[in-house]
Amino acid sequence: HGNILHPFASFMIMQTTKTMALRVRQQSKTALAIAEFLESHPKVTKVMYPGLASHPQKDLADKYHRDNLHGGMLWFDIVGGSEAGTRLMNTIQRPWSLCENLGATESIITACAVMTHANMLPEDRLKVGITDGFIRVSCGIEDTSDLIKALKAALDQV
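Procedures and definitions
Residues numbered from 1 in each chain as written. Predicted model: local features only at pLDDT ≥ 70, side-chain atom pairs only at ≥ 80, totals over all residues. Heavy atoms only, no water. Helix = DSSP H or I, 4+ residues; strand = E, 2+ residues; numbered from the N terminus. Buried < 20%, exposed > 50% of the residue type's maximum accessible area, 1.4 Å probe, protein only. Contact = heavy atoms within 4.5 Å. Patch = residues over 30% accessible without salt bridge, like charges linked within 9 Å, V, L, I, M, F, W, Y side chains within 5 Å. Areas by Shrake-Rupley, 256 points an atom, 1.4 Å probe, with all protein chains shown as cover. Salt bridge = Lys/Arg side-chain N within 4 Å of Asp/Glu carboxyl O. Core = buried A, V, L, I, M, F, W, Y, C linked by side-chain atoms within 4.5 Å. Pairing = 2+ DSSP bridges. Polar contact = N/O pair within 3.5 Å; in protein donor to acceptor, adjacent residues only side chain to side chain. Phe/Tyr/Trp six-rings, centres within 6.5 Å; stacked < 30°, edge-to-face > 60°.

Attention now moves to the overall build of the protein. In terms of helices and strands, the protein carries six helices and five strands. Scanning the protein from its N terminus toward the C terminus, one meets helices and strands in the order α-α-β-α-β-α-β-β-α-β-α. For the C-alpha atoms alone, the extent of the protein along its principal axes is close to 50 × 35 × 30 Å. With 158 residues in all, the protein has 38% of them scored as buried.

Shown next as structure tokens:
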């Protein structure tokens, strides 16, 4: 076997690379819009996305990210800690998916303290920057306004 790809795996890689530029543009556009929305929401205390003017390394991101495409990943802190994160996960609707994955064509949201990092002690999570209210977002290719509408509805219920 070694490092030679199976023909079907090769075919799938070729198919996905054909649309990669389109997907990255949409994911970046969506992530910026969501990050800007989150910055103005009263239940959000902090938003980290390199495309935001408020990001501490915005100039560096602009220098290295071609065409101001800063990717589809962002995170934010929600008021109310892990209880609020759990409520957010319980109320978020489609097109969002709850998943411990990243980089899919579907938009994914995760309350890390109660999902991906639930097995860590709180003090160990804090050492690596994961607060109780840390919410990770991986933007997909769905309609941006649909994602913001669903996120707003869920946040307003927290």
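Along the chain, Arg-125 turns up in helix α5 (residues 122–127). Excluding residues that lie within four positions of it along the chain, Arg-125 makes contacts with Ala-113, His-117, Met-120, Ile-130 and Asp-132.

Let us now look at a nonpolar patch on the surface. Together, Phe-8, Phe-11 and Met-12 give the surface a local cluster of nonpolar side chains, amounting to about 310 Å² of exposed area. Take Phe-11: its relative accessible area is 43%, and that puts it in the partly exposed class.

Counting 29 residues, the largest nonpolar core has Leu-38, Leu-74, Phe-76 and Leu-88 as its most contacted members. Of all the elements in the fold, those that place two or more residues in this core are α2 (20–39), β1 (44–48), β2 (73–78), α4 (81–91), β4 (108–111), β5 (134–138) and α6 (144–157). Ranked by the residues each element gives to this core, the list is headed by α6, at six residues. With residues up to four places along the chain from it excluded, the contact list for Phe-76 reads Leu-38, Val-44, Lys-46, Val-47, Leu-88, Gly-133, Phe-134, Ile-135, Val-137 and Leu-155.

In this section: the sheet that holds strand β3 (residues 97–98). Overall, mixed pairing links the five strands, which are arranged β1-β2-β5-β4-β3 in an open sheet. The outermost strands of the open sheet, each flanked by one partner alone, are β1 and β3. Here four bridges tie β4 to β5, and the two strands are oriented antiparallel to one another. Bridge pairing in β5 links Ile-109 to Val-137.

Its location among the elements puts Gln-26 in helix α2. For the pair Gln-26 and Ile-13, spaced 13 residues apart in sequence, the C-alpha separation works out to 19 Å. Beyond its immediate stretch of four places on either side in the chain, Gln-26 contacts Gly-140, Ile-141, Glu-142 and Thr-144. Of note is the side chain of Gln-26, whose polar atom sits 3.4 Å from the backbone oxygen of Glu-142.

Take Thr-30: it is sitting in helix α2. Aside from chain neighbours lying at most four places away, what touches Thr-30 is Cys-139, Gly-140, Glu-142, Thr-144 and Leu-147.

What follows deals with the packing of aromatic side chains. Summed over the entire model, instances satisfying the criterion amount to two aromatic pairs. A ring pair is formed by Trp-75 and Phe-134, whose centres lie 4.6 Å apart and whose planes are at 20 degrees; its orientation type is stacked. Note that Trp-75 is positioned in strand β2 and Phe-134 in strand β5, a separation of 59 residues in sequence. Here Trp-75 falls in the partly exposed class, since its relative accessible area comes to 21%.

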